[in-house]
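Understanding the architecture of this molecule
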Amino acid sequence: MAMMAAKPPQRSRNAGFMGIGSSKPPEGTSGAFFAIALVLLICAAALLIGQTVLAAVLAGVPTAPLWLLLVFVVLALVPLMLIAVRVFPWLVNWYYLLPAIICLLTFTVYPIAMTFGYAFTNFNSQNNDRPDSTTEISVARATENTLSLTGESKLGTLACRNTGCVGEILELRSEAESGRPGNSYRVVRLEGNTIVFDRAVPADTTRVRRINPISNIGFGNFQEIFSKASVQLTPVFIWTLVFALSTTVLNVFVGLLLGILLNNKRLKFRNLYRSLLILPWAVPGVISILMWQNLMNQNFGGLNRLLGLFGALPAPWLNDPMWAKMAILLVNLWLGFPYMMTATLGALSAIPDELYEAAEIDGASKIEQVRFITLPMLTVAFTPIVLATFAFNFNNFGIIYLLTAGGPPEAGREATARS
């Protein structure tokens, strides 16, 4: 009878495919990709619904704020998530990752994708709400949907791409709006010295200019960059590498040396020294850089006056290409060594004192203790710090911009890539 016991019902081959209708999550790499793709699909659907609703709202209320998109997306996302979790019960585990996924897409993936897309377009500030434009021309009179230009105004100044500027977007401004963006209107046709627009224009319009649209130019930007590589790209890239490597080595060496010296418990007033040496890090960098800019003034700077006391000639700190590079390394050392010193002191505090006591019993000198105990123990802690310092200084635009503004000029280099 036992042999004739009923067999358990066989599960259909397609039942529970990828976890559909099952509380058990899909397994393996393919299951993880399926789950992530499903979460992304839900987010994309919510975004599409939110944009559709916002477009409908803007059609009826043009002055509606654009932040309503976030409200509509959230209102669409919540029911979509509830529906999805009913079909895929195991998906609730992935919802805990949803905030991280949204932040990753918003602050990492989206900027990278937009940067890649902009690389193939013309230079334009339209996305910053300050679109590029042509030279303004004067308006004599504005009536209904037409503008009459003054006698000296020439339509060719607008550099329209289409004949008669038909279909072009023009920006109209009054005297009160001088220096600020005005409203945009589309040109319908041109009648002599009169421009006809698609809708009524403000009666106080006095100036008109054409908005340059964003357009795809293919590999034009890359062709221009590499065609000037010998005077722009290559020198700048080499100096960036030299600057990042040099300032990292200097900061690490000085910070490590000071950290080891101040870690000596027999040193009197070491807490006072620590407080004084950490001040360059505590003071805002902008203030320190501007202070150094005054100190390095060739004619009136404090450094050259100090050198003059020893009979030395004034150094062109910020006026000579080579001296300017040295000045940047010096100022960046002033700003960076306190961080390295603090990191060294923190790492040294984790080294047991018993190691040094045992080394003294064995007759090791202070230099040997540093060489065979301190430096090896610091290697593990300092590796990520050194890499982070190099990465930061590779993108350290602020110190060069504030100290020298990229200058001084150098022979054979363009204005956009000085010394």
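1. A closer look at the overall build of the chain
Each helix and strand in the chain was counted, giving 13 helices and six strands. Sorting the 419 residues of the chain into buried and exposed places 31% on the buried side. Considering only intrachain contacts with a sequence separation of at least 6, the fraction spanning at least 24 residues in the chain is 65%. Only carbon and sulfur atoms are counted for the fraction: they give 67% of the accessible area of the chain, which is about 26,700 Å².

2. Describing the sheet that holds strand S4 (residues 183–191)
Taken together, the six strands give a closed barrel; going around it, the order is S1-S2-S5-S4-S3-S6, and neighbouring strands pair in antiparallel fashion. Averaged over all pairs of adjacent strands, the angle between their axes in this sheet comes to 45 degrees, without regard to strand direction.

3. Quick word on the packing of aromatic side chains
Within this structure, the stated rule accounts for 14 aromatic pairs. Ring-pair connections join several aromatic residues into one group, and the members of that group are Phe116, Phe120, Phe219 and Phe222. Here the basic side chain of lysine 325 rests over the ring of tryptophan 239, its NZ or CZ set 5.3 Å away from the ring centre.

4. Some remarks on the pairing of strand S6 (residues 205–210)
Pairing geometry for strand S1 (residues 137–143) and S6, over two bridges, is antiparallel. When the bridges of S6 are listed, serine 138 appears paired with arginine 207. With five bridges joining them, strand S3 (residues 169–174) and S6 adopt antiparallel strand pairing. Within S6, the position partnered with arginine 173 by the bridge is arginine 207.

5. Points about the packing of helix H8 (residues 285–295) against helix H10 (residues 321–348)
Interhelical geometry of H8 versus H10 gives an angle of 145 degrees and a closest axis separation of 11 Å. Here H8 runs over H10; the crossing is right-handed. Residues Gly285, Ser288, Ile289 and Trp292 of H8 touch H10, and the partners they reach there are Leu330, Val331, Trp334 and Leu335. Classifying every residue of the contact of H8 with H10 by side-chain character gives six nonpolar, two polar and no charged.

6. Focus: the confidence of the model for the chain
Mean pLDDT over the chain works out to 84, with 89% of the residues at or above the 70 mark. Low confidence marks residues 1–6, where pLDDT is under 50. Its contacts with residues over four positions away, or in another chain, come to zero contacts. Counted against residues more than four places away or in other chains, residues 8–17, with its pLDDT under 50, gives one contact.

7. Here's the deal with the side chain of serine 288
If you trace the backbone, serine 288 turns up in helix H8. We classify serine 288 as buried; its relative accessible area is 3%.

8. Description of the nonpolar core
By size, the foremost hydrophobic cluster in this structure holds 17 residues, and its most contacted members are Ile42 and Leu91. Breaking this core down by element, the ones donating at least two residues are helix H1 (28–60), helix H2 (68–87) and helix H3 (98–118). Tallying contributions element by element places H1 first for this core, with six residues. If we ignore the near neighbours within four places in the chain, the residues touching isoleucine 42 are Leu77, Leu80, Met81, Ala84, Leu91 and Tyr95. Within the second largest apolar cluster, 16 residues are counted, among which are Ile137, Tyr185, Val187 and Val201.

9. Side note on unusual backbone geometry
Residue proline 408 follows glycine 407 across a cis peptide bond; omega there is 0 degrees. Note that proline 408 resides in the segment after helix H13 (398–403). Despite not being glycine, phenylalanine 269 shows a phi value in the positive range, around 55 degrees. Mapping phenylalanine 269 onto the fold places it in the loop between helix H5 (229–262) and helix H6 (270–277). Notably, alanine 405 is not glycine yet its phi reads approximately 55 degrees, a positive angle. Note on placement: alanine 405 falls in the segment after H13.

10. Observations regarding the environment of phenylalanine 243
Here phenylalanine 243 shows up in helix H5. Remark: the alpha-carbon pair of phenylalanine 243 and lysine 325, spanning 82 residues in sequence, is separated by 8.2 Å. Setting aside residues up to four positions removed in sequence, phenylalanine 243 forms contacts with Ile328, Leu329, Asn332, Asn393, Asn396 and Ile399.

11. Some words on the pairing of strand S5 (residues 194–197)
Side chains Thr194 and Val196 project from S5 onto one buried face, and the interleaved Ile195 and Phe197 project onto a second face that is buried too. Two elements, strand S2 (residues 146–149) and S5, share three bridges in a ladder whose sense is antiparallel. The partner of serine 148 across the bridge, within S5, is threonine 194. Here S4 pairs with S5 via four bridges, running antiparallel.

12. Concerning the environment of arginine 207
Checked against the element boundaries, arginine 207 lands in strand S6. Engagement of the side chain of arginine 207 in a polar contact is seen with the side chain of serine 138, the distance being 2.6 Å.

13. Focus: the pattern of salt bridges
Working definition: two side chains of opposite charge can pair if their charged atoms are close together. Within the structure shown, the criterion is met by five salt bridges. Where glutamate 360 meets lysine 366, a salt bridge forms, and the shortest distance between an N and an O atom there is 3.5 Å.

What counts, and where the lines are drawn
Residues numbered from 1 in each chain as written. Predicted model: local features only at pLDDT ≥ 70, side-chain atom pairs only at ≥ 80, totals over all residues. Heavy atoms only, no water. Helix = DSSP H or I, 4+ residues; strand = E, 2+ residues; numbered from the N terminus. Buried < 20%, exposed > 50% of the residue type's maximum accessible area, 1.4 Å probe, protein only. Contact = heavy atoms within 4.5 Å. Areas by Shrake-Rupley, 256 points an atom, 1.4 Å probe, with all protein chains shown as cover. Pairing = 2+ DSSP bridges. Axes fitted to C-alpha atoms, helices over the stretch in contact; angles between N-to-C directions. Phe/Tyr/Trp six-rings, centres within 6.5 Å; stacked < 30°, edge-to-face > 60°. Lys NZ or Arg CZ within 6 Å of the ring centre and 35° of its normal. Left-handed = near helix turned anticlockwise from the far one by under 90°. Nonpolar A, V, L, I, M, F, W, Y, C, P; charged D, E, K, R; others polar. pLDDT = per-residue confidence, 0-100. Core = buried A, V, L, I, M, F, W, Y, C linked by side-chain atoms within 4.5 Å. Polar contact = N/O pair within 3.5 Å; in protein donor to acceptor, adjacent residues only side chain to side chain. Salt bridge = Lys/Arg side-chain N within 4 Å of Asp/Glu carboxyl O.

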